[in-house]
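Geometric and topological summary
Single-letter residue listing:
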Amino acid sequence: ASIHFAHDCSVAALPHRLRAGRVLEVGAGLGLAGLMLAKMGYKVVLSDREPVLLDRLRDNIEVNSVEADCRVLSLDWAKAPKMHRLLRAQRFSTVMGADVVYTEVAADLLVDLLSYALPEGGLAFFVNAAKYRAGSEAFSTKLRTAGHKVMEGVISVETDLQDLVCGSFEPEQEYIALIVHVSASVAG
């Protein structure tokens, strides 16, 4: 999913939709998509909850020479309510996440996180596997139920990418791309 985000960033499909303000990448892993945006001059915060990944993110920021535009935040979505002041102080305009919904609980936490991290009118971009992930199918429904406006589209996986990323354990995988506009009723 990060590969799809990085491709969209590089061909300017995603950047023309970004607004002024910081971008928060949730569940960043190694930070591919966020690093691409930082290289393009966007202010990006890469977040994850796993300490080993936070260390790798810091290394990747240095290797890619984007220290001026990119930093790391330890973020456990379950603790977002306790971090609401910190999240609001960052003045994020956009949240993005690639392959971040694996369970129903994760879907619920991510929907809630948007209300703490984004103001009214904020944007979120997600790319998640359409098959073989609990919670992934219900994610867009949960976003809509929370009052957000959601646009979605299917991204088919090319044969080479299927073999490389999904392998035989996820045959015929597809990805769902979501653009989410945060509504006034849920922005805190």
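Keep in mind that what you see is a predicted model, and the values were worked out from it rather than measured.

Consecutive side chains of a regular strand alternate in pointing toward one face of the sheet and then the other. When strand S5 (residues 123-129) meets strand S7 (residues 174-181), the two strands line up antiparallel, connected through seven bridges. Paired with Asn-128 across the strands is Ile-176, a residue of S7. In the sheet, strand S6 (residues 149-156) pairs with S7 via eight bridges, with the strands oriented antiparallel. By the bridge assignment, Ile-155 is partnered in S7 with Tyr-175.

Looking now at the packing of aromatic side chains. For the structure shown, the criterion picks out one aromatic pair. Considering the side-chain rings of Phe-126 and Phe-139, the 5.2 Å spacing of their centres and the 80° angle between planes classify their relative orientation as edge-to-face. Note that Phe-126 is positioned in strand S5 and Phe-139 in helix H6 (residues 136-145), a separation of 13 residues in sequence. Pair check on accessibility: Phe-126 and Phe-139 agree, each one buried.

About the cut-offs
Residues numbered from 1 in each chain as written. Predicted model: local features only at pLDDT ≥ 70, side-chain atom pairs only at ≥ 80, totals over all residues. Heavy atoms only, no water. Pairing = 2+ DSSP bridges. Helix = DSSP H or I, 4+ residues; strand = E, 2+ residues; numbered from the N terminus. Phe/Tyr/Trp six-rings, centres within 6.5 Å; stacked < 30°, edge-to-face > 60°. Buried < 20%, exposed > 50% of the residue type's maximum accessible area, 1.4 Å probe, protein only.

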